[in-house]
Each structure stands twice: as structure tokens, then as C-alpha cells.
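# Structural overview
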Amino acid sequence: KLGMAYKKDDNFGEWYSEVVVNSEMIEYYDISGCYILRPWAMEIWELLKEFFDAEIKKLKLKPYYFPLFVTENVLQKEKDHIEGFAPEVAWVTKSGKSDLEAPIAIRPTSETVMYPYFSKWIRSHRDLPLRCNQWCNVVRWEFSNPTPFIRSREFLWQEGHTAFATKEEADEEVLQILELYRRIYEEFLAVPVSKGRKSEMEKFAGGLYTTSVEAFIPNTGRGIQGATSHCLGQNFAKMFDITFENEKGAREMVWQNSWAYTTRSIGVMVMAHGDDKGLVLPPRVAPIQVIVIPVPYKDADTTAIKEACESAVYTLNESGFRADLDTRENYSPGWKYSHWEMKGVPLRIEIGPKDLANQQVRVVRRDNGAKVDIPAANLVEEVKALLDEIQANLLKTAKEKRDACIEVIHTWDEFTTALNNKRLILAPWCDEEEVEKDVKARTKGDLGAAKTLCTPFDQPELPEGTLCFASGKPAKKWSFWGRSY
Ligand SMILES: O=C1CCCN[C@@H]1CCCn1cnc2cc(F)c(Cl)cc2c1=O
Ligand SMILES: [Mg+2]
């Protein structure tokens, strides 16, 4: 299938759905909210996993795998924080024709699966820190509009669950992990994010505080949580009796963290960089970074051209790049150009008789369409330079687009105007939950209500006497507000 039926700026939802299918990342499935992740998506997930797993191993995380299933009474353990989630829990009630004695839940997250065993394994301060990470799927039977990668009923993630003797250690790790999430988005996916703290209303109810990296989708004017790193305090230690004997022989509760990022990150990348030719991949997550295409000419030496293509691919792969060639006889060069543009491959190399004669190759950038002829002898360093430039250019462009959407406001009228203009709003806030609830109530509608996205760690100066845009009370902080996914 060549070409896009929808334009990104005309019909974003249809454009997105078409890109993820035409680029062969996603196949729709006959259960709503469930999608098949094809190699073009899984290879990206695996490149991110390779980076993140190596980094958390440096932080001494150990790999675990806990069961997919959790009993009803264990899941109900902390009913306060799950009562809001109950509708999205999927239950197994039968095996074959017979009913199970008690229904079994499919994990929507693994606190209740893991923490009874943390309680068993942690006895002494010598058992701490406990650092557990698992790569797995989770199921949440969401009802709001399902979107590939962004909101699905099953998704892949990593969930880290750690336990420390002191709050200081927990606080430090929360931020170490958050920095890794920033790197995932900015250094790999080329998506700008803001690090910050969630409000008391938006945080994980079972925890002490939540930090997150927040992205923004200019086309819809919606914020989106990129990843989250919670300090749980001693809340779960109390619930699950996770205590340790300290050096002085006294019994204390542990301090815990939990943190996750998901396959949603891939969808955010697609939305940020895609264009009307399809996907645009940042080189660091491109399964194929360079596609080499022979351009045969009627009586030209097709064998020599093909050999030149093979040698270019070999040289690039030997130098650590992910290069491939498309020598399929049944497709024209033109068809191949469109196909690999749809798949978002960062660089295309064309080799025809003229290129062969001049001992050069024609290189075409996917991000800006620039064409450049480079001497075959300089292939490796020129490709490296181009891929680095594409990676940097994608982040720079996405940052400029996101920054252009940020609007600093001071009054309610400015707030509602900015909201209707699909802005990412930076507003002075009195930090009162009642006001947050009030803003939600005053802005609810079919596009969804406005909410706080995070209070950025990077706080602009707050002049003395600045008032909260919504309550008129003295403002305490600048927070990002907006509609969200
Ligand atoms: O975000 C993370 C990082 C990784 C480990 N978990 C936490 C909190 C997850 C919140 N959350 C999110 N969604 C949930 C959905 C549910 F159906 C139930 Cl029962 C519970 C939850 C729930 O606790
Ligand atoms: Mg949810």
C-alpha cells in the first residue's frame, strides 16, 4: 500500500492509525484495545530495553518474573488505592467448562503479587536494598478510546520495585530512574519531556509522591505521561508487613519505590516525528538505519550495481550500523523509496550507473528529504555524521514545536483561551487540591477536563505577590496544566 490517505494536520487520529499500520508496526486485532506488535515495533522496544536494562543493572537491579495471576483477596489487600481501578481488572473465572472456586485477576500492576514475598524475603538490614525489575505485560480493561501503543488493554512494560532501609536511599533512586526515563525519551526517541512532580490528586494514591516525565502532542494539544517513578514511602511496608531488623536490633519498616515505562513510548515517538509520508524514525531506535537501493538502468551493469550495494551494506554493518538492502526484482526503485519512507528509515542510499562510474553514492535523508552525493570511500564517516545530525535535528525540531505550544498564563480567561488553543499551559498555582478539582469541574467537556500534568522541577521565578490563576490565592509554584491522554 503506497502513500497516506490522511494528512497529519487534517485528521490526526486517522493519520496515526494509518502510519502505525502502513509502517508495519501494528496489525489490528479482533479484540478491541488489543494490537499485534510486529517486528518493526518490537525491534524498537528491544533497542530501548537493551539500553534501559543495561543501565538498571549498573544500579544493581535483579531480574525477576512473577506470575501473571493474583488472587482476589490479595488484590483487595489495599482496597483504598485500587477501589478506583476495580472496573479495569480482568478476571479469569473458568477453566474449560468448570468454574474456578474463586476468580483470579490478571495483573494490572504487580504490587500485590510481589509484596507478600518481599515481606517473606526481607528480615534483616542485610537483606536490603532489595532491587527487583521485571519485563512483562499487564492488562487493564480500559474503556476510553483505545489507541495503538498509547492506550491498550494489554501493554508491555518494565516495572521496578525496590526496598531500602532509609528514605534517603529511596529518594535518590526515584530521581536516578527518572533521569533514565528522560534519556529514553530525549536521547533515543528524540522526544522532549519535562521532569516534574505529580500533584497529590494525580499521584499514585498508594504512594508518598510521584515523579514523572511529561511529553506533549502538539497536534492534539494534549499532554501525555511518558513514564513514572514513585516513592511509596512506608505505605506498602505497613500494608504487607515488610519490616527488617536494623543494626541495633530494632524492627523498622522499609522505604519503597516503584517505577515503569511502557510501549506507549513508541506511540509518542510516532506522533512526534511522523509526517505525511509516514513514520520518521530517530536513528538510535531505527531497526534499519540505512536502506541501500540499487537503481538499475536499461543496459547498465546490474551485477556491478548489486555488488556495490552489497559492499556498502557490508561495510556499514561492519562499522556497527543497522544497514540493509532491497534488491527485490518485482518492485521499482520508486516504489521502494516510498515504502522505506513510510517505514521511516532515516537514510536511503541509491546506487545507479552514474554513481558507480563516479565511485559515489546518493544519500537521501528521511527527516528533511535532503539529497547528497558522497564518495564511496567516505561512506562510513559520512553516514555516521548524517545519522547523528538526524538524531539531533529530530529532537531540536520536536523541542521547538513543543516550546511553541507552551503558554504562560496568569488569569482564568487566559487559561481557558490557551486551553481552547491546544496549548501546554504553565500557570501559577496555590497548590490546593480543591482548586485542582474546581478547574476539572469548570473545564469538563467532550474533549476532557484540564488537569495538572506536573510541577516541573525546573521552576521559573515566581514574583512575590503572584496569584493563583484559578483561585486568586497566593501562588506557590508554576505547574503545567492541560488536557491529556
Ligand atoms: O505506576 C507504577 C509503576 C510500576 C508499578 N506500579 C505503579 C503504580 C500503578 C498504579 N496503578 C495503575 N493502574 C491500576 C489498575 C488496576 F486495575 C489496579 Cl487494581 C491497580 C492499578 C494501579 O495501582
Ligand atoms: Mg489507568
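Provided above is the structure to which this section pertains.
Once that is clear, we can look at unusual backbone geometry. The omega torsion across Leu128 and Pro129 is -5°, close enough to zero to call that bond cis. Mapped onto the fold, Pro129 is located in the loop between α5 (111-121) and β7 (130-139). Unlike most non-glycine residues, Asp241 shows phi in positive territory, near 55°. Residue position: Asp241 is located in the loop between α7 (235-240) and β12 (243-245). Located in the positive-phi region is Asp431, a residue other than glycine, with phi close to 65°. Counting through the fold element by element, Asp431 comes out in the loop between β21 (424-429) and α14 (433-443). By relative accessible area, Asp431 is classed as partly exposed at 34%.

What follows covers the nonpolar core. Side chains of nonpolar character tend, in soluble globular proteins, to be buried together. Among the nonpolar cores identified, the biggest contains 55 residues, and Met25, Phe52, Val191, Tyr261 and Met269 are the most heavily contacted of them. In terms of residues, this core owes the most to one element, helix α2 (residues 39-58), which gives 8 residues. Sequence-distant contacts of Val191, defined by excluding residues within four places in its chain, comprise Tyr185, Glu186, Ala215, Val268, Met269, Ala272, His273 and Leu395. Judged by nonpolar contacts, the second largest core, of 25 residues, contains Ile349, Val363, Leu386 and Leu395.

Moving on: empty space enclosed by the protein. Counted according to the given criterion, the structure contains 1 cavity of 30 Å³ or more. Ser194, Glu214, Ala215, Gly223, Arg402, Leu424, Leu453 and Phe480 together form the lining of the largest cavity. Of the residues that constitute the lining of the largest cavity, the class distribution is 4 nonpolar, 2 polar and 2 charged.

The rules we used
Residues numbered from 1 in each chain as written. Chains lettered and ligands numbered in written order. Predicted model: local features only at pLDDT ≥ 70, side-chain atom pairs only at ≥ 80, totals over all residues. Heavy atoms only, no water. Helix = DSSP H or I, 4+ residues; strand = E, 2+ residues; numbered from the N terminus. Buried < 20%, exposed > 50% of the residue type's maximum accessible area, 1.4 Å probe, protein only. Core = buried A, V, L, I, M, F, W, Y, C linked by side-chain atoms within 4.5 Å. Contact = heavy atoms within 4.5 Å. 1 Å grid on protein atoms, 1.4 Å probe; cavity = no way out; pocket = protein on both sides within 12 Å on 5 of 7 lines; lining within 4 Å. Points joined across faces, edges and corners; volume = space filled by probe spheres on them. Nonpolar A, V, L, I, M, F, W, Y, C, P; charged D, E, K, R; others polar.

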